[in-house]
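If you want the building blocks of each chain, they are given just below.
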Amino acid sequence: MREITLSQAVNEALAEEMRRDESVFIIGEDVAEAGTPFKVLSGLVEEFGTARVVDTPIAEPGFMGIAVGAAMTGSRPVVDLMFGDFLFLVMDQLCNQAAKTHYMSGGKLNVPLVLRTNLGATRRSAAQHSQSLHALVAHIPGLKVAMPSSALEAKGLMKTAIRDDNPVVIFEDKLMYNDKAEVPEGGDLLIPFGVANVKREGRDITLIGTSSMVQVCEKAAELLAAEGISAEVIDPRTIVPLDEATLVASAKKTSRVIVVDEGHQSYGVTGEIASRINEKAFYHLDAPALRMGAMDVPVPFSPALEDLTVPTPEAVAEQARKLCAGEMIHAA
Amino acid sequence: MSSAKQTQTNSEDYLRMYRQMVRIRTFEDNANQLYLSAKMPGLTHMYSGEEAVAVGICEALKVSDKITSTHRGHGHCVAKGAAFKEMFCELLGKEEGYCRGKGGSMHIADQSNGNLGANAIVGGSMGIATGAAFSAKLAGRDDVAVCFFGDGATAQGLMYEVMNMAALWNLPVIYACENNGYSEYTKTDEIAAGSITARAEAFGIEAHQVDGQDVLAVNTLTQQLVERARKGEGPFFMELMTYRYHGHHVGDINREYYRSKDEERDWKDNRDPIVRFRAWLVDEGIATEDEIEALNAAVRKDAEEAVTYALDAPYPDGAEVDMHVYTDVPHALA
């Protein structure tokens, strides 16, 4: 099968959906001729024109608000938020407006929009261009949150998101734009929301990873396999909705779980998933489900410091070894 | 009263405008009583005194034209075509309310008439109205969008971001600033430096100041602007000089620390939009005093019946609490 980059996958998904549905348009900063700083959108303005690939001023709340209104009136906007860190700028429009409109109107109004943005540290971009803020929006009822872990998911989840009648936030890992994966050519690649992907089957421990942390978990599983520990790796693919059944079933099977995510560990996605597993698989567990998030510090610039802040395969494997050896059970 | 016969030549149109203004005042009088008698949960913000703004504007719109409304939104809702029964049900949190009791006073909207919702974030709907105009242009529809907001909202940054884009892209949106002189409990002069209309003019947006207590002046100007917006000449900005008779919200009773009773009396006695339009209708021979009294009485009866109905109407079943979180999930927590 052909391999394409995650960047090409997103581009293909957008192009296919824009051909399929004239109400789909892209709006954001430097999305047209520039194709974004990551060049993900290159070529789209040439095919669809500036009426549907809309360059905006640097005004995130403004274009986010315009997208909400457009979505309420028959359009399907894809908002391009250049960095996930800029979510803080659009929170009112996303969380007070888009997320609540369907509910507050008693089901009469819909907001079918996609906010595509990114996450991920270790790009040496410091504290305001490196955050992984998906837990913030996952906290708000009314939003769906997708976290593609490869080019395949990036395409399939994007196409599903565009056809969804609810506001969806998609976080792409900006370090993965050039990562290649097998993606079938043509056809309608739609990956349903709320269906986790068991990337690797195992017996002794379950490693649940989101976005690029899926790769971290897979590498950790390799390390563990060499030592005779059989790790199962699961990618939830969307954290809202969350495929709790698959995660809990795996926890019951392996009896040990580590949840790995690049958001800050405190009050984050790892805590939420670990808590659900502890509640629903408690009597099957040989150890409490563990959280491994990003360090609770602003992301530092210096490579010597930044690399300390995110989970690595080695760190995940180390924790897994301890869990499997029973060392964490009575940890202080 | 401005002479505007050339734009509203039909007596029925004038009478409908009058009736709509009376409906808003009557709705608010009843809502206020519901609040004061502790029959209404939460709080509410009265539109009384500003009727000519909502009616003058909405009477210039088609059903498919969109509006966005504010926390002081009952007037916009009535003016865009809503019915009393569903509105009072919504105010009381009942199942038959326009939002099935999930929105209440601050989110009330008759969505089927192009009302995209009342917004409880000051200035929060400016992007939505601009986006509705963007949608209309993208789809080739000639609909316009009117964004209602107060003078207080001119302090929000979102307004400047979306006016900039609306002007760059010639969007068919009309920004309607209801300047009632007060931003909550503070005089507008104390929160707004410079001129309100100059804010829009800085973006090259044509801006007008109009007497918001003169329904014909508001309607005539809006008709002209709507017509031009449909042809791609938008956006436009209107500053409507008006006054709210009640406090910021129904509980804002003792307000002499920020505005005098003399000032309130002056607006009510000398500039009331309904009294002025009624006198004009009689002078022009469009209606007799008796006909107007009959119309007022019919509106009062409608409102009383709707209130009685809403008070007796059922609350939503508890099972509705997790409905309408997502379009495709009947119960989000099931």
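In this text the structure is predicted, and so the values were computed from the model without any measurement.

Thresholds, definitions, all that
Residues numbered from 1 in each chain as written. Chains lettered and ligands numbered in written order. Predicted model: local features only at pLDDT ≥ 70, side-chain atom pairs only at ≥ 80, totals over all residues. Pairing = 2+ DSSP bridges. Helix = DSSP H or I, 4+ residues; strand = E, 2+ residues; numbered from the N terminus. Axes fitted to C-alpha atoms, helices over the stretch in contact; angles between N-to-C directions. Contact = placed C-beta atoms within 7 Å. Domains from an automatic or database assignment. Nonpolar A, V, L, I, M, F, W, Y, C, P; charged D, E, K, R; others polar. UniProt positions renumbered as here; feature names shortened; annotations may be inferred. Buried ≥ 20, exposed ≤ 12 C-beta atoms within 10 Å, placed from the backbone. Right-handed = clockwise from strand over helix to strand, strands pointing away.

Novice: Is there a simple way to explain the sheet that holds strand β4 (residues 76–80) of chain A in this structure?
Specialist: Strand pairs in the sheet, formed through backbone hydrogen bonds, run parallel or antiparallel to each other. All names here are of chain A. Ordered in space as β3-β2-β4-β5-β7-β6-β12, the seven strands form an open sheet in which the pairing is mixed. The open sheet is flanked by β3 (53–55) and β12 (238–240), the only strands paired with a single partner. Strand-to-strand twist of the sheet, defined as the mean angle between neighbouring strand axes without regard to direction, takes the value 20°. Across five bridges, the pairing between strand β2 (residues 24–28) and β4 is parallel. The residue of β4 that forms the bridge with isoleucine 27 is valine 79. Sitting on the sheet, helix α3 (residues 60–72) is in contact with β2 and β4, with an inclination near 165° to β4.

Novice: I'm lost on the sheet that holds strand β10 (residues 205–209) of chain A in this one. Help?
Specialist: Residue and element names in this part refer to chain A. The strand order across the open sheet formed by five strands is β9-β11-β10-β13-β14, and the pairing between neighbours is mixed. Every other strand in the sheet has two partners, leaving β9 (197–200) and β14 (290–294) as the edge strands with one partner each. The average angle at which neighbouring strand axes cross in this sheet is 25°, direction not considered. Here four bridges tie strand β13 (residues 257–264) to β14, and the two strands are oriented parallel to one another. The residue bridging valine 259 from the neighbouring strand is arginine 291, located in β14. Across the sheet, helix α7 (residues 213–226) touches β9, β10, β11 (231–235) and β13, and the angle it forms with β11 is around 170°. The sheet strands contacting helix α9 (residues 269–280) are β10, β13 and β14, and the helix crosses β13 at an angle near 155°.

Novice: I keep staring at the domain arrangement of chain A and nothing clicks. Help me out?
Specialist: Accessible area lost during the coming together of the parts is what is often quoted as the interface size. All names here are of chain A. Assigned domains of chain A: these are domain 1 (3–182) and domain 2 (197–324). A separation of 26 Å is found between the C-alpha centroids of domain 1 and domain 2. Between domain 1 and domain 2, the contact holds 26 residues from the first and 23 residues from the second. When residues of the side of domain 1 that touches domain 2 are traced back to their parent elements, those giving at least two are α5 (134–138), β6 (144–146), α6 (151–163) and β7 (168–173). Across the side of domain 1 that touches domain 2, the residue classes break down as 15 nonpolar, seven polar and four charged.

Novice: Just checking my understanding: could you explain the UniProt feature "domain: Dehydrogenase E1 component" (unreviewed entry) in chain B for this structure?
Specialist: Within this structure's numbering, the places UniProt gives as "domain: Dehydrogenase E1 component" (unreviewed entry) are residues 19–316 of chain B. Helix makes up 46% of residues 19–316 of chain B and strand 13%, and the two end C-alpha atoms of the span are 32 Å apart.

Novice: Got a minute to help me understand the pairing of β4(A) in this structure?
Specialist: Looking down a regular strand, the side chains alternate between one sheet face and the other. Residue and element names in this part refer to chain A. Most of β4 is tucked away, with five of its five residues classed as buried. Where burial is concerned, the two faces of β4 agree: the one with Arg76, Val78 and Asp80 and the one with Pro77 and Val79 are both buried. In this fold, the crossover linking β4 to strand β5 (residues 114–119) by way of helix α4 (residues 87–104) has right-handed handedness.

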